[in-house]
Amino acid sequence: MDLPSAADTTAFIPADARGVRHPAAGPGARIVSLVPSITELLVDLGLAPLLVGRTGFCIHPREVVRHIPKVGGTKGFDLDKLRALAPTHVIANMDENRAEEIDALAAFVPHVVVTHPNTPADNRALYRLIGALFGRHREAAALTAELDAAEAGLAGLGLPREPVLYLIWRDPWLTVARNTYIAATLAAAGWDTVPARLGGDTGADRYPAVDLERAVAEAARILLPSEPYHFGPGEQAELQARFPTVPVTLVDGEMVSWYGSRAPRGLDYLGRLRRELGQ
């Protein structure tokens, strides 16, 4: 096999979600992350010293990120603040950031790295991409091994599959399409989201509004996550009274929806939860 020349710095770096192959970052890399789970991943890969900016939703690990400047939210971030940080790399996501805002970054950011994991298995490519870009191959391989173990643990659950209604918002009631990361993560644990519909590659139709009565009629369980809408005991009691024959369960939304380095822990969490519920 021919080895790459010294100038061929993209030879072993996977393409990002838009098919762009970025060269390996140099020692002066400055990263702004516009994705909470990516920020956590960068820190866990040992890249915190390169992080110069984040969103206000990038909250983990708190003791590290609280020292990193904020540039606004995942949507509507402040371009002037971001420009002032002089990043060499901005890491974005096709679901969490608006396409037009990602495109605007190209005017002054040398490398805009776009991600789009849709299943737990997609984290393998994400680990390889970030690890190769920033010289963290060994750490990325360790995360891949953790993901392998977590997926194997779920495969051995031996519990029947169960249709669930996973609500992410109220007024209106919103759920997730089956081709979202959340639905795929739940499916890995044997929970199939209802209604059984698909959304587009990106956009609002991936998180559709539902008729609550009809949706609950298809479900054996209602799952209420802690984010993006913070469902709590009050909403749990309200829905349990409204639908007394369908169990209503509170779940940790971060464990279900955050990819990156949290993915193995998220799968382990769902495995424990299903065992506790006995279904």
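The rules behind the values
Residues numbered from 1 in each chain as written. Predicted model: local features only at pLDDT ≥ 70, side-chain atom pairs only at ≥ 80, totals over all residues. Heavy atoms only, no water. Pairing = 2+ DSSP bridges. Helix = DSSP H or I, 4+ residues; strand = E, 2+ residues; numbered from the N terminus. Axes fitted to C-alpha atoms, helices over the stretch in contact; angles between N-to-C directions. Contact = heavy atoms within 4.5 Å. Expected span 1.5 Å × (residues − 1). Buried < 20%, exposed > 50% of the residue type's maximum accessible area, 1.4 Å probe, protein only. Arc of directions from axis to C-beta. Polar contact = N/O pair within 3.5 Å; in protein donor to acceptor, adjacent residues only side chain to side chain. Core = buried A, V, L, I, M, F, W, Y, C linked by side-chain atoms within 4.5 Å. 1 Å grid on protein atoms, 1.4 Å probe; cavity = no way out; pocket = protein on both sides within 12 Å on 5 of 7 lines; lining within 4 Å. Points joined across faces, edges and corners; volume = space filled by probe spheres on them. Nonpolar A, V, L, I, M, F, W, Y, C, P; charged D, E, K, R; others polar. Phe/Tyr/Trp six-rings, centres within 6.5 Å; stacked < 30°, edge-to-face > 60°.

Student: For the sheet that holds strand S1 (residues 31–33), give the residues involved together with the corresponding values.
Tutor: Overall, parallel pairing links the four strands, which are arranged S2-S1-S3-S4 in an open sheet. Each of the sheet's edge strands pairs with one partner strand only, and the pair in question is strand S2 (51–53) and strand S4 (111–115). Adjacent strand axes in the sheet meet at a mean angle of 35° when their direction is disregarded. Relative to S2, S1 runs parallel, the two being bridged by two bridges. Looking across to S2, one finds that Ile31 is bridged to Leu51. Along the sheet, helix H1 (residues 36–44) contacts S1, S2, strand S3 (89–93) and S4; its crossing angle with S1, the most-contacted strand, is approximately 140°.

Student: Please give an account of helix H6 (residues 137–155) that cites residues and values.
Tutor: In an α-helix, one full turn covers 3.6 residues, which means residues spaced three or four apart are oriented alike. Compared with an ideal rise of 1.5 Å per residue, which puts 19 residues at 27 Å, H6 spans 27 Å between its outermost C-alpha atoms and is within 8% of the ideal. Considered for burial, the residues of H6 that qualify are Ala140, Leu143, Thr144, Leu147, Ala150 and Leu154. Down the axis of H6, the buried side of the element spans an arc of 125°, and every buried residue falls inside it. In this structure, H6 carries Arg138 and Ala149 as exposed residues pointing more than 90 degrees from its buried face.

Student: Got a sec to walk through the side chain of Thr180? Specific residues and values, please.
Tutor: Summarising the element assignment, Thr180 is placed in the loop between strand S5 (162–166) and helix H7 (181–188). Classification of Thr180 by relative accessible area gives buried; the value is 0%. Polar side-chain contacts of Thr180 include one of 3.3 Å to the backbone nitrogen of Ala183. Discounting residues that sit within four places of it in the chain, Thr180 has contacts with Asn118, Arg206 and Tyr207.

Student: Tell me about the nonpolar core, and name the residues and values.
Tutor: Core analysis: the biggest nonpolar cluster contains 50 residues, and Ile130, Phe134 and Tyr166 have the highest contact counts within it. Contributing elements (two or more residues each) for this core: H1, helix H5 (123–133), H6, S5, H7, helix H10 (253–257) and helix H11 (263–277). When residues in this core are grouped by element, the largest group, six residues, is from H5. Other than its neighbours up to four places away in sequence, Ile130 contacts Leu41, Leu42, Leu45, Leu47 and Ile91. By size, the runner-up hydrophobic cluster in this structure holds 16 residues, among which are Trp173, Ile222, Phe243 and Val248.

Student: Kindly report on the layout of surface pockets, identifying the contributing residues and their values.
Tutor: Where empty space is left can be seen by rolling a probe of water-molecule size over the atoms. Considered as a void within the structure, the largest pocket measures approximately 1200 Å³ in volume. Lining the largest pocket are 34 residues, with Lys75, Asp95, Glu96, Tyr207 and Pro228 positioned closest to its centre. Counting residues per element, the ones that place at least two in the lining of the largest pocket are H1, helix H4 (99–105), H7 and H10. Looking at the lining of the largest pocket, its residues break down into 18 nonpolar, nine polar and seven charged.

Student: A description of the pairing of strand S7 (residues 221–225) should follow, citing residues and the corresponding values.
Tutor: Among the five residues of S7, five are classified as buried, and the element is accordingly described as predominantly covered. Of the two faces of S7, the one holding Arg221, Leu223 and Pro225 and the one holding Ile222 and Leu224 are both buried throughout. Bridging between S5 and S7 involves three bridges; their strand directions are parallel. Bridge pairing in S7 links Leu165 to Ile222.

Student: Give me the sheet that holds S7: which residues, what numbers.
Tutor: With parallel pairing, four strands are arranged side by side in an open sheet as S6-S5-S7-S8. Two strands in the sheet have a free side with no partner beyond their single neighbour: strand S6 (191–193) and strand S8 (248–251). Going from strand to strand, the sheet's axes swing by 40° on average, the running direction of each strand aside.

Student: Let's hear about the packing of aromatic side chains: which residues, and what values?
Tutor: Within the structure shown, the criterion is met by four aromatic pairs. Each ring, one from Trp169 and one from Tyr229, has its centre 5.3 Å from the other, and the planes form 80°; the classification is edge-to-face. In this pair, Trp169 is assigned in the loop between S5 and H7 and Tyr229 in the loop between S7 and helix H9 (233–242), connecting sequence segments 60 residues apart. The exposure class of Tyr229 is partly exposed, given its relative accessible area of 22%. With a centroid separation of 6.4 Å and an interplanar angle of 5°, the aromatic rings of Trp173 and Phe231 are classed as stacked. In this pair, Trp173 sits in the loop between S5 and H7 while Phe231 sits in the loop between S7 and H9, placing the two residues 58 residues apart along the sequence.

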